[in-house]
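Residue-level structure breakdown
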Amino acid sequence: MMDYSQFLLMPQEIGLLLVFLLVFIYDTFMPERTQRYMPVFSVIMMALYTIYCFCVPAAVGEAFGGMFESNAPTWVMKNILNVGVVLVLLQAVKWTNSDFVSVRRGEFYELILLTLLGMFLMVSARHFLLFVIGLETASLPIAALAAFEKRHYESHEAAAKYIFTAIFSSAIFLLGISFVYGMSGSLYFKDIATTLIGNQSALLIAALAFVIAGVGFKLSLVPFHLWTADVYQGSPTAVTSYLSVISKGAAAFAFLVILVQVFGAAYSRVWEWMLYAIIILTITLGNLFAVRQRNLKRFLAFSSISQAGYIMLGVIAVNVMGMSSMIYYVLVYIFSNLAAFGVIAAIERQTGRVTMDDYNGLFRTNPWLAFTMMLAMFSLGGIPPFAGFFSKFFIFVGACHQGSVAIYALVLIALVNTIISLYYYLLVVKAMFLRQDDCVIPTIKSHWTERAGLILCVAGVILIGLISCIYAYINGSVEAISAMFNAIQ
């Protein structure tokens, strides 16, 4: 007989389902004259749920025979994802109430919440069956979100490219898992890790290569990144911002758990050098292609590819500091990237202009938007004293704690690439403050929800950079996973 008390270890998932049901009921049964308030209602419900998750202590334990695990690190990661979703929903209120989107506004919020539930399952999964369920729950609805603007051909193209990429990456991932199951006879992370100790077979290398490739598509790691720029450009900006930060953050954390808990024993023999090559390629090619972009959504797409490489430095560190610095990096990245996308969305909604040249002289007509974009670029580039500088500093220090010559060389390459990234991030700042244009974007009066979202992002970029206690909180919370690395060290 099933023990229903196990669901007590899933308060975040159950709370999210409750929010989903409330939004669904509002969308289905409320009269037409109140439907325009549904986006604000969704934001309020999600914000209250997020506050609740921060206020209650983390649930610790295993459920469903060890398939699901809740602990302090997973709790913190889910809370960080909640914060990002609140910001995305807040910035999308005006867009979802526009004439063309309003008939499907309910679907937007419901699909977002559904994908977030899938990400929660990915983060807490300790069995590959549950992980795949979460992966597909988080991936497939995004194709519908990418095609949300049905009148635009680019939106259809983005959805088609995303769904085919998701299908092929899932197939590759499942092929790798089938190899792992053939070697271990189990899909539980702990059982697989025990079986693979001392295993140096070619089948293990092939299995791990397929697993890294499958998850690498979700993270936009090179060479699995080719879909990213087209999907980011064609999708609605609200969906693009969600893809670039929330989906990437959840996939990075789940990737770390899989590599360490399942394949940790094969770290130095197998996947260390795989990740070295992928990180170098991801950071370098992401930066080089970003330099060439004029469309700001494609620009941020290649920027996000490069940022994924920096996030992977926390994985390659294989220590507690690497884990905590990765979580901190994701938190900072959420505020920085959503600030940039918030400005792009506000301008695109009223003018339809999204290229870098369109932003020439923006400071003259829209100083607040130009200031916000400048802070976002400074933070993404790692300029002190903003939060992005500390996130890069901590992730470099966490990686260097491993102490090998190879990791020092890897960090040096990442530092050189940081200088390259400063060049193209400052191109946006130069366009807004130094260049002049006769066709400058007119003064824009953004919606109050857009302004609120941007204010929160700016506050996050500044305050997280100045108040190190945020990092101390995350670092303390992940000490519970130190035992995960004992077998490796």
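These notes cover the structure that comes with them. Keep in mind the model is a prediction, meaning the values are calculated, not measured.

Along its length, the protein carries 20 helices and 2 strands. For a compact globule of 489 residues, the expected C-alpha radius of gyration is about 23 Å, and the protein comes in at 22 Å, within 12% of that figure. Oriented by its inertia axes, the alpha-carbon framework of the protein measures out at about 65 × 55 × 45 Å. Expressed as a percentage of its 489 residues, the buried residues of the protein come to 61%. Summarising the internal contacts of the protein: among those between residues at least 6 apart in sequence, 81% fall at separations of at least 24. Accessible surface for the protein amounts to roughly 18100 Å². Of this, 70% is attributable to carbon and sulfur atoms. Across the protein, 26 positive and 23 negative side-chain charges occur, with their mean positions spaced 7 Å apart.

The next thing to look at is the packing of aromatic side chains. What the rule picks out here adds up to 25 aromatic pairs. Look at Tyr 26 and Phe 41: their rings are 4.8 Å apart centre to centre, the planes differ by 25°, and that puts the pair in the stacked class. With Tyr 26 in helix 1 (residues 11-29) and Phe 41 in helix 2 (residues 38-55), this pair connects stretches of sequence that are 15 residues apart. Given the relative accessible area of 12%, Tyr 26 is considered buried. Taken together, the aromatic side chains of Tyr 328, Phe 389, Phe 390, Phe 393 and Phe 394 make up a single cluster linked through ring pairs. Sitting over the face of the ring of Phe 148, Arg 104 holds its NZ or CZ atom 5.0 Å from the ring centroid. The positively charged end of Lys 392 is found above the aromatic ring belonging to Tyr 310, 4.8 Å away from the centroid.

In this structure, Phe 108, Phe 173, Phe 263, Tyr 359 and Met 377 are the most contacted members of the largest nonpolar core, which totals 176 residues. The residues touching Tyr 359, leaving out its near neighbours within four places in the chain, are Leu 296, Val 343, Ile 344, Ile 347, Arg 353, Met 373, Ala 431, Met 432 and Ile 441.

A cis amide bond links Val 222 with the next residue in sequence, Pro 223, at an omega value of 10°. Residue Phe 64 is not a glycine yet carries a positive backbone phi of 55°. Of note, Phe 64 is situated in the loop between strand 1 (61-63) and strand 2 (68-70).

What follows concerns the side chain of Thr 449. Tracing the sequence through the fold places Thr 449 in helix 19 (residues 448-466). We classify Thr 449 as buried; its relative accessible area is 1%. Engagement of the side chain of Thr 449 in a polar contact is seen with the side chain of His 447, the distance being 2.7 Å. Contact partners of Thr 449, with chain neighbours within four places excluded, come to Leu 90, Val 93 and Lys 94.

About the cut-offs
Residues numbered from 1 in each chain as written. Predicted model: local features only at pLDDT ≥ 70, side-chain atom pairs only at ≥ 80, totals over all residues. Heavy atoms only, no water. Helix = DSSP H or I, 4+ residues; strand = E, 2+ residues; numbered from the N terminus. Rg over C-alpha atoms; globule rule 2.2 N^0.38 Å. Buried < 20%, exposed > 50% of the residue type's maximum accessible area, 1.4 Å probe, protein only. Contact = heavy atoms within 4.5 Å. Areas by Shrake-Rupley, 256 points an atom, 1.4 Å probe, with all protein chains shown as cover. Lys, Arg positive; Asp, Glu negative; His and termini not counted. Charge placed at Lys NZ, Arg CZ, Asp CG, Glu CD. Phe/Tyr/Trp six-rings, centres within 6.5 Å; stacked < 30°, edge-to-face > 60°. Lys NZ or Arg CZ within 6 Å of the ring centre and 35° of its normal. Core = buried A, V, L, I, M, F, W, Y, C linked by side-chain atoms within 4.5 Å. Polar contact = N/O pair within 3.5 Å; in protein donor to acceptor, adjacent residues only side chain to side chain.

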